[in-house]
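Reading the structure
As a plain string of letters, each chain reads:
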Amino acid sequence: MQIPANNPALQSWVPYATDTEFPIQNLPFGIFETQTSSKRVGVRIGDFVLDLFQISNFGYFSDLCFSTQDFEQPFLNPMMRHGKLAIRELRNRISALLSKDNNSFQIRKNEHQALIPITEIQMSLPVQIGDYTDFYSSKEHATNVGVMFRDPANALLPNWLWIPVGYHGRASSVIASEHPVVRPKGQIKPDDNAAPIFAPSRQVDFELEMGFVTFDGKALGESISTSEAEEFIFGLCLFNDWSARDIQKWEYVPLGPFLAKNFASSMSCWIVTLDALQPFACATPTQDPEVLSYLKFEGNKSYDIQLEVAIEAPACKEQVVSRSNFKYMYWNMSQQLAHHTVNGCNVRCGDLMGSGTISGPTPDSYGSMLELAWKGTKPIQMPDGSERRFIQDYDTVIMRGHCENNGIKIGFGEVKSQLLPAN
Ligand code: MN
């Protein structure tokens, strides 16, 4: 099925650079405000935001199922509640309005009024997140952690190749890009042979992840199959799942991550629809042993999304520390959603699923400082001569991601957050 808005031949009357991450083929959704306007839904094109509340007021969506009020909201949820097919129609309509083929003078005049330079807007958290689940789906990451903390000969736990392992995270501390993160305090055990102490974490780390946001799923008690899963996924964002490794190491047995993980998770502000990513679907890594029947799937369910992480310090220009790719994930989103609901657990509009740290096969593609600096034994060199084993106070972590083929580049922008000293 070809989605009209994905047509690589489309051009827009909105001017943008040829290498923009936001060409007419992308059209991601977000929440923005200006000095004078309330929070509302916007769509990014080039270095502009199209104000959907205004466009709806002009009547361009009057034959669609949305109400104008769906677009004057602090979150995308009321718009998303109309579901996958409605959002697809909406994106196709926006694409048509912004297309060069649209020659109506009146339409262009109205659209110009609703087109705001990104320098004049403020973005915020796009989705009201009901529940946040974090998976652990990169084989390379799980293997690296197993080698470091358990047993190199049995790095993967016995369940890992059978189950898309995950845990329930905390939605209240998911924050938007640009929002600073305070260094967490907690119980740590710097000396293995002594009692724990209470102190600021000394091992604050990032986790390079992608998140996906769901539409309303099925009723409690029902399940979503792998073949249905993508119909319940609205879109994807970049996701930095901040972690305190020293707190984690002491607290995580027997029930898994708790305070080491719930102090902050940062998401990028533009949600790129799964529809826009269809041209970048690709094959999944081979799964061996063969998975149980409810986890089997057909077609290309991975996505070729190039990712990078950079660290910037106040007196030091940024250093790229990792280059990875979303396609390395062993378990794909369709399997994650099928597994999440196979017991009858329901997902709701605005739920967020983290992929788990995305590590690639080579040391420069690892998705956390824990792995990049290998438990502190291989510090990362910064341009000013300093070293990083973990993230220091006032460091800024920046994650970026984009897809590219046939001359079309679809990007996510960035998720960027500065670490502040402990309170
Ligand atoms: Mn995580």
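Residues take numbers from 1 onward in each chain, read along the sequence in its written order. Where local features are concerned, this predicted model is filtered to residues with pLDDT of at least 70; where side-chain atom pairs are given and counted, the filter is 80 or more; whole-chain, interface and lining totals use all residues. As a convention, hydrogens and water are excluded, and side-chain values are obtained from all of the structure's heavy atoms.

1. Observations regarding the overall build of the chain
The helix count covers DSSP runs of H or I at least four residues long, the strand count covers runs of E at least two residues long, and both are numbered beginning at the N terminus. Secondary structure assignment for the chain yields nine helices and 26 strands. The globule rule used for comparison is 2.2 Å times the number of residues to the exponent 0.38, while the radius of gyration itself is calculated over C-alpha atoms. Expected size for 423 residues packed as a compact globule is a radius of gyration near 22 Å; at 22 Å, the chain falls within 12% of this value. Partly exposed describes any residue whose relative accessible area lies between the buried limit of under 20% and the exposed limit of over 50%, with all areas from a 1.4 Å probe on protein chains only and scaled to the type maximum. A total of 423 residues make up the chain; the buried ones form 55% of that total. The long-range fraction of contacts in the chain, counting pairs at least 24 apart against all pairs at least 6 apart in sequence, stands at 72%. Accessible surface computed for the chain: about 17,800 Å², of which carbon and sulfur atoms make up 51%. Charge counting follows a simple rule: Lys and Arg are positive, Asp and Glu are negative, and His as well as the terminal groups are ignored. The location of each charge is read from NZ of Lys, CZ of Arg, CG of Asp or CD of Glu. Charge separation in the chain, taken as the distance between the mean sites of 35 positive and 47 negative side-chain charges, equals 2 Å. Two residues form a contact once any of their heavy atoms are found within 4.5 Å. The Shrake-Rupley method, run with a 1.4 Å probe sphere, supplies the accessible areas, and residue values consider only the shown protein chains as cover.

2. Thoughts on the nonpolar core
For our purposes a nonpolar core is just a set of buried Ala, Val, Leu, Ile, Met, Phe, Trp, Tyr and Cys residues, chained together by side-chain atoms within 4.5 Å. Core analysis: the largest hydrophobic core is formed by 60 residues, its most contacted members being F206, M210, L236, L277, I305, F326 and L337. Here the element with the most residues in this core is strand β26 (residues 408-420); it accounts for five residues. If near-sequence neighbours (up to four positions away) are discounted, L236 is found in contact with M210, G211, F212, W270, I271, V272, L274, L277, I305, F326, M333 and F412. By size, the runner-up hydrophobic cluster in this structure holds 54 residues, among which are F29, V41, I55 and L76.

3. Here's the deal with the domain arrangement of the chain
According to the domain assignment, the chain contains domain 1 (4-124) and domain 2 (132-420). Where each domain starts and ends follows an automatic or database-derived domain assignment. Each of domain 1 and domain 2 was reduced to a C-alpha centroid, and the two centroids are 29 Å apart. With 28 residues of domain 1 at the interface, the matching set in domain 2 holds 29 residues. Buried surface at the junction of domain 1 and domain 2, both sides included, amounts to about 2,300 Å², of which 62% is carbon and sulfur. Its largest share of buried area at the contact with domain 2, domain 1 owes to E21, M80 and K84, together 29% of the area lost on that side. Whenever Lys or Arg places a side-chain nitrogen within 4 Å of a carboxyl oxygen from Asp or Glu, that contact is recorded as a salt bridge. Summed over the shared surface of domain 1 and domain 2, the number is two salt bridges. With its nearest N and O atoms 2.8 Å apart, the salt bridge here joins D275 to R88. The definition of a polar contact used here is a pair of N or O atoms within 3.5 Å, where within protein one atom must be able to donate a hydrogen and the other to accept one, and adjacent residues in sequence count solely through side-chain atom pairs. Here domain 1 and domain 2 share eight residue pairs in polar contact (both at pLDDT 80 or more) between them. Mapped onto the side of domain 1 that touches domain 2, the elements with two or more residues apiece are β1 (29-33), β2 (40-45), α2 (77-80), α3 (84-98) and β5 (122-124). Take the side of domain 1 that touches domain 2: its biggest share by element is four residues, from α3. Classification convention: Asp, Glu, Lys, Arg as charged; Ala, Val, Leu, Ile, Met, Phe, Trp, Tyr, Cys, Pro as nonpolar; all other residues, Gly among them, as polar. Looking at side-chain class alone, the side of domain 1 that touches domain 2 contains 12 nonpolar, nine polar and seven charged residues. Each of two parts loses accessible area, computed with a 1.4 Å probe, when they are put together; buried area is these two losses added.

4. Some remarks on the coordination of the manganese ion
Each metal site lists N, O and S donors within 2.8 Å (3.2 Å for Na, K and Ca). With water left out of the atoms, a site can look as if it is missing ligands. Distances from the manganese ion to its protein donors, namely D134 (OD), E207 (OE), E209 (OE) and D241 (OD), fall within the range 2.1 Å. Sequence positions of the residues that donate to the manganese ion give the spacing D-x72-E-x1-E-x31-D. Judged on exposure class, the residue E207 and its partner E209 are both buried.

5. Focus: the sheet that holds strand β21 (residues 316-325)
Note: strands within a sheet are paired through backbone hydrogen bonds, in either parallel or antiparallel orientation. The five strands are arranged β9-β26-β25-β20-β21 in an open sheet whose pairing can be described as mixed. Of all the strands in the sheet, the pair left with one neighbour each is β9 (181-182) and β21. Paired strands are those between which DSSP finds at least two bridges. Pairing geometry for strand β20 (residues 306-313) and strand β25 (residues 396-405), over seven bridges, is antiparallel. Note on β25: the bridge partner recorded for L307 is G401.

6. Topic: α3
Over its 15 residues, α3 runs 21 Å from end to end, which matches the ideal 21 Å to within 8%, given 1.5 Å per residue. When we look at burial in α3, the residues that qualify are K84, A86, I87, R88, L90, R91, I94, S95, L97 and L98. Expected span, for any helix, means 1.5 Å times one less than how many residues it has.

7. Topic: the sheet that holds strand β4 (residues 115-117)
One open sheet accounts for five strands, arranged β4-β3-β2-β1-β5; its pairing is antiparallel. Because the sheet does not close on itself, it has two edges, and the strands there are β4 and β5. Taking the axes of each pair of neighbouring strands and ignoring which way they run, one obtains an average angle of 50 degrees across the sheet. Where β1 lies against β5, three bridges are found, and the strand directions are antiparallel. Among the inter-strand pairings, I31 is bridged to a residue of β5, identified as S124. Note on geometry: axes are C-alpha line fits, over the in-contact stretch for helices, and angles between N-to-C directions span 0 to 180 degrees. Contacts between α3 and the sheet are confined to β1, β2 and β3 (48-51), with β1 contributing the most and set at about 65 degrees to the helix.

8. Considerations on helix α5 (residues 139-149)
Along α5, the residues classified as buried are H141, A142, N144, V145, G146 and M148. Buried-residue contacts for α5 involve α9 (369-372).

9. What about unusual backbone geometry?
Here the amide bond leading from V253 into P254 is cis, since omega sits at 10 degrees, within 30 degrees of zero. On the secondary structure map, P254 appears in the loop between α6 (245-251) and β16 (265-267). Geometrically, the link from D288 to P289 is a cis peptide bond, its omega value of 10 degrees lying close to zero. Its location among the elements puts P289 in the loop between β18 (281-282) and β19 (302-303). With phi around 40 degrees, W374 is a residue other than glycine that occupies positive phi space. Residue position: W374 is located in the loop between α9 and β23 (380-381). Residues other than glycine seldom take positive phi values, yet K375 does so here, at roughly 60 degrees. If you trace the backbone, K375 turns up in the loop between α9 and β23.

10. Describing the environment of V320
Tracing the chain through its elements places V320 in strand β21. Once you skip the residues sitting within four places of it in the chain, V320 turns out to touch E308, V309 and A310.

11. Some remarks on the pairing of β3
Every regular strand shows the same layout, with side chains that alternate between the two sheet faces. Two strands pair when backbone bridges link them, and β2 and β3 are joined in this way by four bridges, in the antiparallel orientation. For G42, the partnering residue across the bridge sits in β3 and is D51. Taken together, β2 and the strand that follows it, β3, pair antiparallel across an intervening segment of two residues, in which G46 is found at a positive phi of about 55 degrees. In the sheet, β3 pairs with β4 via three bridges, with the strands oriented antiparallel. The partner of F48 across the bridge, within β4, is P117.

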